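Structural overview for review
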Amino acid sequence: MIVTHSKNHLFRIICVFGMIMIMSNARTLNPTNQRIRATNLGGWLVTEGWMKPSLFDSIPNKDFLDGVGLQFKSKTIGKFLCAELGGGTIIVANRSSASGWETFHLWRMSATSFHMRVFNKQFLGLDSTGVNLVATTTNSQTSGVFEIIRKPDDTSLVRIKAPNGLYLQAKSEDLVTADSKGDGEWGDDDPSVFEMTIIETFKGEYQITRGYGPLRAPKIMKDHWDTFIVEDDFKFIATSGLNAVRIPVGWWTASDPTPPKPYVGGSLQYLDKAFLWARKYNLKVILDLHAAPGSQNGYEHSATRDGSIEWGQTDENIQETVRVIEFFTARYASNPSLYAVELINEPRASGVPLSVLTKYYDLGYKAVRKHAPNAFVILSNRLGGEPKELFPLASGMKNVVIDVHYYNLFSSVFDDMTVEENIEFVRTNRSAELQAITTSNGPLTFVGEWVSEWQVRGATKEDYQKFSKANLDVFGRATFGWAYWSLKNVNNHWSMDWMIKNGYINL
Ligand SMILES: *[C@@H]1O[C@H](CO)[C@@H](O)[C@H](O)[C@H]1NC(C)=O
Ligand SMILES: *[C@@H]1O[C@H](CO)[C@@H](O)[C@H](O)[C@H]1NC(C)=O
């Protein structure tokens, strides 16, 4: 009896011990029932035009927003305008095909006047003769303002008015000057006429606010913030089997109500509301710095002005970003819904060196820790970086998470894949990728963006259901969790709201 009792007692001690071990182990491993099952609230506080194109409908001269990439083919010569050497010298008209050096990106000064930026980031202007076209200055303000005049009945034909009030003309393959009156009949023999192609457009926060301008943009943005995501969405999320939201925010929201131009004030109130609603409906919030000053990836979703990546290039810029992180963390640290802070979204390896990112992550981590000792800190992998390159850094951090984004899109690998092949790719290749970064003593893993969309055309509802299930099965193994991109989108499959309500996703 005594023996049994003490054995029993010992057994219980071992059990309790074991449970403590399991519990503490479980805490670090984030047990399955606590894993994040989230939707992103994309396109709300950081504009993405493709998610709600109507937002851009009434911008005047809306083809010519900031960053639009234009190419110009001389009608008389039949060749493209080109910043020789990509910039730093003259403009020529001698290229029979066009790519980077032949592309000019607009900076919109008004609905009809622009600076024009070339490949190496100089701006188009006139040299000391006042007539010859060059791209030598890196200072937009001294470069001069251009206008683009479209032929009324054929908008692919244009004339370009230079800062001297005259029009560009391609006199020969290596002589482009601004000395045409530009008053001819748009004939094929008119050297001031160019055929324009729009090769790239951006529809982000920078474009919409600058496009509408300081008088109209505040109302347009407020109407969008008021209607795109509302309290009922949080209620729906909470009753759909999800437990969190990932909220993309832009750096300018941290200087509300008077953000730098062209951004407009007011967005911070909506982030405040999101935190209130999250608390009310018991949802966790992952605050995600989606747009950092200068743009960390050159995409519209990081509010790039013209596609270039200028984040992280100076200490000042990094310090500014750290202050943004600290501002948000301090503001919401006392709200129990603040679960994680993602320091920056999708920095691109081609523009952000690992050393720069590491330095920022280290400072950003400390800024979060000052106010939120236990919040998870999420480090987004670089686009085009090595999957485990952040592991050495993460090993010195606690409650740290690596974020990876998995789309069966944006790569020619998926071009000809069938339904079955897409599903197999998720079950085999994605699952292997995820497994490779999911380690027992390393950072937690988070599939912070995925979508049940692919390049397959004409797939049935059942196909989508199978694909959703495969994604959920595989991404459910991420030790931190996953987040769908996104809750609302005019493209149905990109809208988790629509996918759940229509039975394409079953949680
Ligand atoms: C275009 O013109 C420039 C200046 O004359 C010259 O250096 C360059 O080689 C030319 N390029 C082509 C493709 O003809
Ligand atoms: C997916 O993984 C399989 C098995 O490892 C491999 O044979 C295949 O090439 C991979 N597919 C792609 C598109 O990378």
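Here the residue numbering is sequential within each chain, running from 1 through the sequence in written order. The order in which chains are written sets their letters, starting at A; the order in which ligands are written sets their numbers, starting at 1. In keeping with the model being predicted, local features are shown solely for residues with a pLDDT of at least 70 and side-chain atom pairs are shown and tallied solely at 80 or more, while totals for entire chains, interfaces and linings include all residues. The side-chain values count all of the structure's non-hydrogen atoms but skip hydrogen atoms and water molecules.

**Notes on the packing of aromatic side chains**
- When two rings of Phe, Tyr or Trp (its six-membered ring) have centres within 6.5 Å they constitute a pair, described as stacked for plane angles under 30 degrees, edge-to-face for angles over 60, and tilted for the intermediate range. Enumeration according to the criterion identifies 29 aromatic pairs in this entry.
- Their ring planes at 75° and their centres at 4.9 Å tell us that W107 and F123 sit as a pair that is edge-to-face. Of this pair, W107 sits in strand β5 (residues 104-108) while F123 sits in strand β7 (residues 123-126), and the two are 16 residues apart along the sequence. F123 carries the same exposure label as W107, and that label is buried.
- An angle of 50° between the planes, with centres 5.0 Å apart, marks the rings of Y339 and F376 as tilted. Every helix listed is a DSSP run of H or I at least four residues long, and every strand listed is a run of E at least two residues long, numbered separately from the N terminus. Only protein chains enter the calculation, and the probe is 1.4 Å; a residue is then buried if its accessible area is under 20% of its type maximum, exposed if over 50%, and partly exposed in between.

**Quick word on the pairing of strand β9 (residues 146-151)**
- Pairing of strand β6 (residues 113-117) with β9 involves two bridges; the strand directions are antiparallel. Looking at β9, one finds that F114 is bridged to F146.
- Criterion used throughout: strands pair if DSSP finds at least two bridges between them. Strand direction decides the pairing type here: β9 and strand β10 (residues 154-161), joined by five bridges, are antiparallel. Paired with I148 across the two strands is I160, which belongs to β10.
- Hairpin connection of β9 to β10: two residues between the antiparallel strands.

**Examining the domain arrangement of the protein**
- As assigned here, the protein comprises domain 1 (35-54 + 203-501) and domain 2 (68-200).
- The straight-line distance from the C-alpha centre of domain 1 to that of domain 2 is 37 Å.
- Across the contact, seven residues belong to domain 1 and six residues belong to domain 2.
- Note: buried area is the sum, over both parts, of the accessible area (probe 1.4 Å) each one loses when the two are combined. Interface area for domain 1 against domain 2, summed over the two sides, is near 660 Å², with a carbon-plus-sulfur share of 35%.
- Counting the surface domain 1 buries against domain 2, the share from its top three residues, R210, R305 and D306, is 69%. Here the limits of each domain have been adopted from an automatic or database domain assignment. It only takes one pair of heavy atoms within 4.5 Å for two residues to be counted as in contact.

**Focus: the site of ligand 1**
- Near ligand 1, the surroundings consist of E84, V92, N94, R95 and D174.
- Here a polar contact is taken to be a pair of N or O atoms separated by no more than 3.5 Å, where protein atoms must pair a possible hydrogen donor with a possible acceptor and residues adjacent in sequence count only if both atoms sit in side chains. Residue N94 places a side-chain N or O atom 2.2 Å away from an oxygen atom belonging to ligand 1.
- Taking D174, its side chain carries an N or O atom lying 3.1 Å from an oxygen atom of ligand 1.
- Per-residue and other accessible areas were derived by the Shrake-Rupley procedure at a 1.4 Å probe size, with only the shown protein chains allowed to occlude residues. The protein chains hide 49% of the 370 Å² of surface that ligand 1 would expose on its own. We call a residue near a molecule or strand when any one of its heavy atoms sits within 4 Å of it.

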